[in-house]
Amino acid sequence: MDGPAPPSTADCHFLRRPPPPALAGDVVDICDYRETRRAHFRQRGPASLVVPLVISFGDPFVIGLGRMAATHERYGTFAAGLFAGPVYIDSFGASACVQVNFTPRGARRFFGMPLSELTARMIPLDALLGSDAERLRERLALERAPVRRLDIVARFVADRLAAAPPPCAAVGRAMAMVEFSRGRLPVGRIAAEIGWGRKHLNERFKAEIGLGPKAVARIVRLGATMQAIDKAPVRWAEIADSGGYSDQAHFIRECRALAGVSPAALQDLPALG
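Residues numbered from 1 in each chain as written. Predicted model: local features only at pLDDT ≥ 70, side-chain atom pairs only at ≥ 80, totals over all residues. Heavy atoms only, no water.

Q: I would appreciate a short explanation of the overall build of the protein in the present structure.
A: Along the backbone of the protein there are 11 helices and 10 strands. For the protein, the proportion of contacts with a sequence separation of at least 24, taken over those separated by at least 6, is 71%. Element-wise, carbon and sulfur atoms account for 53% of the exposed surface of the protein, whose accessible area totals about 13300 Å². Here the protein contributes 36 positive and 27 negative side-chain charges, whose respective centroids are spaced 3 Å apart. (Helix = DSSP H or I, 4+ residues; strand = E, 2+ residues; numbered from the N terminus. Contact = heavy atoms within 4.5 Å. Areas by Shrake-Rupley, 256 points an atom, 1.4 Å probe, with all protein chains shown as cover. Lys, Arg positive; Asp, Glu negative; His and termini not counted. Charge placed at Lys NZ, Arg CZ, Asp CG, Glu CD.)

Q: It is not clear to me how the packing of aromatic side chains should be interpreted in this structure. Could you clarify?
A: The relation between two aromatic rings is expressed through the spacing of the ring centres and the mutual angle of the planes. Under the definition given, this model contains 9 aromatic pairs. Aromatic pair Tyr 75 and Phe 78: ring centres 5.8 Å apart, planes at 55°, arrangement tilted. A residue is classified by how much of its surface remains accessible, and Tyr 75, at 22% relative accessible area, is partly exposed. A residue is classified by how much of its surface remains accessible, and Phe 78, at 5% relative accessible area, is buried. Both rings, one in Tyr 245 and one in Phe 251, keep their centres 5.0 Å apart while their planes meet at 40°; by these two values the pair is tilted. For Tyr 245, a relative accessible area of 4% gives the class buried. (Phe/Tyr/Trp six-rings, centres within 6.5 Å; stacked < 30°, edge-to-face > 60°. Buried < 20%, exposed > 50% of the residue type's maximum accessible area, 1.4 Å probe, protein only.)

Q: Which parts of the structure should I look at to understand the sheet that holds strand β2 (residues 27–35)?
A: One open sheet accounts for 6 strands, arranged β1-β2-β9-β4-β7-β10; its pairing is antiparallel. Looking along the sheet, the strands with just one partner apiece sit at the ends: β1 (12–17) and β10 (122–124). Adjacent strand axes in the sheet meet at a mean angle of 20° when their direction is disregarded. Pairing of β2 with strand β9 (residues 96–102), which is carried by 7 bridges, proceeds in the antiparallel orientation. Across the sheet, the residue bridging to Ile 30 is Val 100, located in β9. On top of the sheet, helix α4 (residues 146–162) reaches β1, β2, β4 (51–56) and β9; it is set at about 145° to β2, its chief contact. (Pairing = 2+ DSSP bridges. Axes fitted to C-alpha atoms, helices over the stretch in contact; angles between N-to-C directions.)

Q: How should helix α10 (residues 248–259) be read in this particular structure?
A: Its 12 residues give α10 an end-to-end C-alpha distance of 16 Å, which sits within 8% of 16 Å, the value for a rise of 1.5 Å per residue. All of the buried residues along α10 are Phe 251, Glu 254, Cys 255, Leu 258 and Ala 259. Down the axis of α10, the smallest arc covering the buried residues is 100°, so these residues share one side. Looking at the buried residues of α10, the elements they touch are β3 (41–45), α8 (213–227), α9 (236–242) and α11 (263–267). Directly beyond the C-terminal end of α10, a positive phi value near 80° is found at Gly 260. (Expected span 1.5 Å × (residues − 1). Arc of directions from axis to C-beta.)

Q: Could you clarify how one ought to interpret the side chain of Asp 11 in this entry?
A: Assignment of secondary structure puts Asp 11 in the segment before β1. Given the relative accessible area of 6%, Asp 11 is considered buried. Reaching out from Asp 11, the side chain makes a polar contact with the side chain of Arg 37 at a distance of 2.7 Å. Among residues more than four places away in sequence, those in contact with Asp 11 are Pro 6, Arg 34, Glu 35, Thr 36, Arg 37 and Phe 41. (Polar contact = N/O pair within 3.5 Å; in protein donor to acceptor, adjacent residues only side chain to side chain.)

Q: Would you take a moment to explain the state of the cysteines for this structure?
A: In total, this model carries 0 disulfides according to the counting rule given. Cysteine Cys 31 is unpaired, with the sulfur of Cys 97 as its nearest cysteine sulfur at 8.3 Å. (Disulfide = S-S within 2.5 Å.)

Q: Whenever I open this one, the environment of Trp 196 confuses me. Can you help?
A: Relative to the assigned elements, Trp 196 resides in the loop between α6 (187–194) and α7 (198–209). Filtering out sequence-adjacent residues up to four positions away, Trp 196 remains in contact with Cys 168, Ala 170, Val 171, Ala 191, Leu 201 and Arg 204.

Encoded structure:
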């Protein structure tokens, strides 16, 4: 990738923790991140089904959806909805945060709002959680131990989820079918299986997940296809066929649309912190 490189282990402290059992199914992981060297870093990631909550106690990040961000597009403590395209994140050596990566189900319960209101947006956390957001940020900023910061955030998330209503069972079934089929089951078949019309499924799915089932299926299919690559040299036509794409050109177009790069470049792309 031309231009600034992603931060390496020499450039930052990074601690990732899997969710405790109480958060399983709602949280993917919780991370503590702090940059330690002044430099221009750039991270780029493909579309995913993770809904991040970022609590910052350092410099803000510069974030662009589907394109390089302008320097004024700065975000500190915020939540971001799903986006069916690549995400570009720039930082400059003084960013520090705790990040909670929610599943769509967990984000829907945690924020208590339709996830369609977050889609393709970064929203300041105080606009979503009120004064609780600032109190949490201040508490984390005062805590010097990364492990303790993760404990504080995990407890905050667990307390909110404990008071949240259960997820929509029908949408949960629909999401499971998308994932089990690796994004290859037609939307009409999913709607029929749960006894809904396509329009109603699309509306409820967007409210609960943030994107419609077709967009989610595209993301799932690309992820499953790339994860299946386990040998070299890669025969991209065969990979495209195994992923259910009509041909290699279709696979490449989907990869560029969702990840911003070719399949070969995506294979080598460092993961977002």
